[in-house]
Amino acid sequence: MSEQNIGQSYYAEGISANDERSIDPAVIEILHKAEKDNVQTAHDRYAEQLPQCGFGDLGVCCRNCLQGPCRINPFGSPREGVCGANADLIVARNLLRTIVGGSASQSDHSYIALQCLDETVNGESNYDIRGNAKVISVATKLGIATEGRSDNEIAADIVAAAYADFGNHSSKPMRWLTATAPQERVDKWAELGILPTNPDREIRTAMHQTSMGVDGSPINLLLSSLKMGLVDGYAGLQMGTDIQDILFGIPAPVKSAANLGVLSSDKVNIIVHGHMPEVSEKIVEWAKKLEEEAKAVGATGIQLAGVCCSGNEVLMRQGVPMAGNYLSQEMAIITGAVELMVVDIQCFMPSITKVASCYHTKVVTTVPIGQLPEAEYIPFTPDTADAKAAEIVRMAIANFAHRDPRKVQIPDYRCEAWGGFSVEAIVGALSALDAEKPLKPLVDNIIAGNVFGAVGVVGCNNVKVRQDFQTVEMIKHLLANNVLVVATGCTAQALSKYGFMNPDGAAAYAGDGLKAVLTAVGEAAGLGAPLPPVLHMGSCVDNSRIGDLLGALAGYLGVSIADLPVAASAPELQHEKAVSIGTWAVALGVLTHCGVVPPILGSPLVTKVLTDDVEGLVGGKFFVELDPIKAADTMLEHIAAKRKALGI
Ligand code: NFS
Ligand code: SF4
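Sequence order sets the numbering: in each chain, residues are counted from 1 along the sequence as written. As they are written, the chains are lettered A onward and the ligands numbered 1 onward, keeping that order. It should be noted that, the model being predicted, local features are given only for residues of pLDDT at least 70 and side-chain atom pairs only at 80 or more, the latter also being counted only at that level, while totals for whole chains, interfaces and linings use all residues. With hydrogens and water set aside, each side-chain value is computed from the structure's full complement of heavy atoms.

A.B. asks: Can you walk me through the overall build of the protein in this structure?
C.D. replies: Secondary structure elements are defined from DSSP: runs of H or I of at least 4 residues count as helices, runs of E of at least 2 residues count as strands, and each element is numbered from the N terminus. Counting secondary structure elements, the protein contains 27 helices and 16 strands. Its C-alpha atoms give the protein a radius of gyration of 24 Å, within 12% of the compact-globule value 26 Å for 648 residues. C-alpha atoms of the protein, sized along the principal axes, occupy 65 × 60 × 55 Å. Whether a residue is buried, partly exposed or exposed follows from its accessible area with a 1.4 Å probe, protein chains only, as a fraction of its type maximum: under 20%, in between, or over 50%, in that order. When each of the 648 residues of the protein is scored for burial, the buried share is 61%. Taking as baseline every contact in the protein between residues at least 6 positions apart, the subset at least 24 positions apart corresponds to 76%. Each accessible area value is a Shrake-Rupley result obtained with a 1.4 Å probe; residue values ignore everything except the protein chains displayed when judging cover. Element-wise, carbon and sulfur atoms account for 53% of the exposed surface of the protein, whose accessible area totals about 23000 Å². Charged side chains in the protein number 50 positive and 72 negative. The centres of these two groups are separated by 3 Å. Radius of gyration: C-alpha atoms only; globule rule: 2.2 Å multiplied by the number of residues to the exponent 0.38. It only takes one pair of heavy atoms within 4.5 Å for two residues to be counted as in contact. Charged residues are defined narrowly, with Lys and Arg counted positive, Asp and Glu counted negative, and His plus the chain ends left uncounted. Where a charge lies is defined by one atom per residue type: Lys uses NZ, Arg uses CZ, Asp uses CG and Glu uses CD.

Given below as structure tokens:
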């Protein structure tokens, strides 16, 4: 059986049907090993948390001042906190603070990349500009002159434009937003008064607005939540992706593999985890350079693998295989085969050092704000990146001698998975069919009904729901109904493990119309095989690529994004970032599914606005559905209605 078929069949055969924690047989194998090794995982800690607090679940507790904590009883009294805030107000304030958390994480991530580009332009860093075409496209959209200028000169102006957004003291909207979003959206957001100016100012204002005794209007707070979603969309996702592509290159299709079986029993295994390609790209570079040193200690080489979005970043640009998604981070260590896990920012569990202490695995932190008391801290700066990366790789090599073969168990599951589907790569593949109007073949097939519509599936794992289950079941149903699927984040890694991201997946999962289109594009683009039925578009930051694709499709058709036969879904969301990204998607006009109930149900008003009324304002709305087939059906109905409205 070929590698990719393992991926397809092991889920189909229901090997893992009996475990409520995950559908991934590799993960279940390791969970059993964890029990044997007496290691606690997120699943055990979750069990200890049960039952979780009902007030928190509904979003009706408030700690915004020291008169609290206050909580509202949805079934009786108290109906108000000490200051008089009711459930609607408390839920709306808490939601905005959650979205602030997401937007702050993502805009700080882009700011780190921005400073790295700044130092690179000034010749003060260990990085180069690899995405030359991106320098031109980003400059062009920002209205920066490119004729007869070097990449470095142009990039210096791009850096200045980005800093100007973060230092914008005027009431003008962020330039990155107005340069990127379709004009129709910008006008709509202006009409609603939700155009963000300076991302840092918006975050500060929202924290102020939600503090005790300021905004008492739930509706006003919800409008600020939409605005905060736009902060994430443009200061976080869009700026982050643009700058990372300038530094590290525009991704192009690349063949790789996924699941814990990508770890090697005879190589030095290094896991990159977190979100910053500044760290993970350098580790990749130095792992290649120091391969011989690994052989000198008796290993056959160095095996890199990624977890979470760092994994997605280095898959997209370097073809590094993915060990797994968020809920697999502890599993990777429990294999006993990992010499070193290097983390930077976001989504690494504080537990990993404790898990690592049961094995020989070293954990290395690299960023001042992302430290773990039991880890080695090797601070990474743009001008020391080479030396630090070499030090970290050498630390892993030296640790190979400490691996205890009796503790090693690498599950024999790995699946062929492709990555690298940037918008540039997708348009490139389509231009093999129509060089003049690359989007025409896709749009023609949508009109003809071969492609019924498109869905972007994004976001995390969440210990409250069975790992990968909702994602896989929902996507199977959508593909069978000829919906084209693009994926990012940890859901992309989920799908990569079960054969959705290799050419064989087209025959296994896609309906006839979609299969024919994937085959035609794949052949024309010279892949010699169909396109995978789910296109891996990258990390969570790379959700901007989905936004760019939607904008291009809407522009081609001369309609609003809100009119397109598309939907979005975060079936297993966990992080605040997933909430802020979802809010941006709604503001873009997209129907957005949540497969985990967000803490808003304590307010009937907030729930109604987000799942109903907001559609009248921006064209998009949220819906919550825990059953993956029902969720897919709701998206299919929505797509059908949008098709009908477009007259197709
Ligand atoms: Ni997105 Fe990436 Fe995964 Fe969720 Fe975390 S890694 S930025 S937040 S858990 S998808
Ligand atoms: Fe209680 Fe109001 Fe203070 Fe919140 S802000 S803790 S509801 S008194």
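From this point, the narrative continues.
A.B. asks: Help me out: how do you make sense of the layout of surface pockets in this one?
C.D. replies: Remark: the empty space left among the atoms is shown by a probe the size of a water molecule rolled over them. A 1.4 Å probe that fits but cannot get out identifies a cavity on a 1 Å grid over protein atoms alone, an open set with protein on both sides within 12 Å along at least five of seven lines counts as a pocket, and a residue lines either if it has an atom within 4 Å of a point. Grid points are joined across faces, edges and corners, and a volume is the space filled by probe spheres set on the points. Reported here for the largest pocket is a volume of approximately 1200 Å³. Elements with a minimum of two residues in the lining of the largest pocket: helix 3 (42-49), helix 4 (54-58), strand 1 (61-62), helix 5 (87-121) and helix 25 (576-588). No other element matches helix 5, which puts five residues into the lining of the largest pocket. Gly is placed with the polar residues, together with every amino acid not listed as nonpolar (Ala, Val, Leu, Ile, Met, Phe, Trp, Tyr, Cys and Pro) or charged (Asp, Glu, Lys and Arg). Its residues assigned to classes, the lining of the largest pocket comprises 18 nonpolar, nine polar and six charged.

A.B. asks: Would you mind going over the sheet that holds strand 12 (residues 483-488) with me for this structure?
C.D. replies: Strand pairing in a sheet relies on backbone hydrogen bonds, with the paired strands running either antiparallel or parallel. One bridge is not enough; two strands pair if DSSP finds at least two bridges between them. As summarised here, the arrangement of the six strands in space is 13-12-11-14-15-16, forming an open sheet in which the pairing is parallel. Of all strands in the sheet, those bounded by a partner on one side alone are strand 13 (534-538) and strand 16 (622-624). This sheet shows a mean twist of 25° between the axes of neighbouring strands, independent of strand direction. Note that strand 15 (residues 591-594) and strand 16 share three bridges and pair parallel. Note on strand 16: the bridge partner recorded for C594 is V624. For every element, the axis is a line fit to its C-alpha atoms; helices are fit only across the contacting stretch, and the angle between N-to-C directions ranges from 0 to 180 degrees.

A.B. asks: What is the right way to read the coordination of the nickel atom of ligand 1 from this model?
C.D. replies: Sodium, potassium and calcium take a 3.2 Å donor cutoff, other metals 2.8 Å, and in both cases only N, O and S atoms count; water is not among them, so sites may look incomplete. For the nickel atom of ligand 1, the sole protein-derived donor is C540 (SG), lying 2.1 Å away. Labels for metal geometry use angle windows, namely 85 to 135 degrees for all angles of a four-donor tetrahedral site, and for square planar (four donors) or octahedral (six donors) sites opposite donors over 155 degrees apart plus all others within 65 to 115; sites meeting none of these are irregular. Every donor counted, the four donor atoms about the nickel atom of ligand 1 form angles of 91 to 158° at the centre, which fits irregular coordination. One can find C540 in the loop between strand 13 and helix 24 (543-557).

Everything listed here is a matter of coordinates, which is why it stays silent on function.
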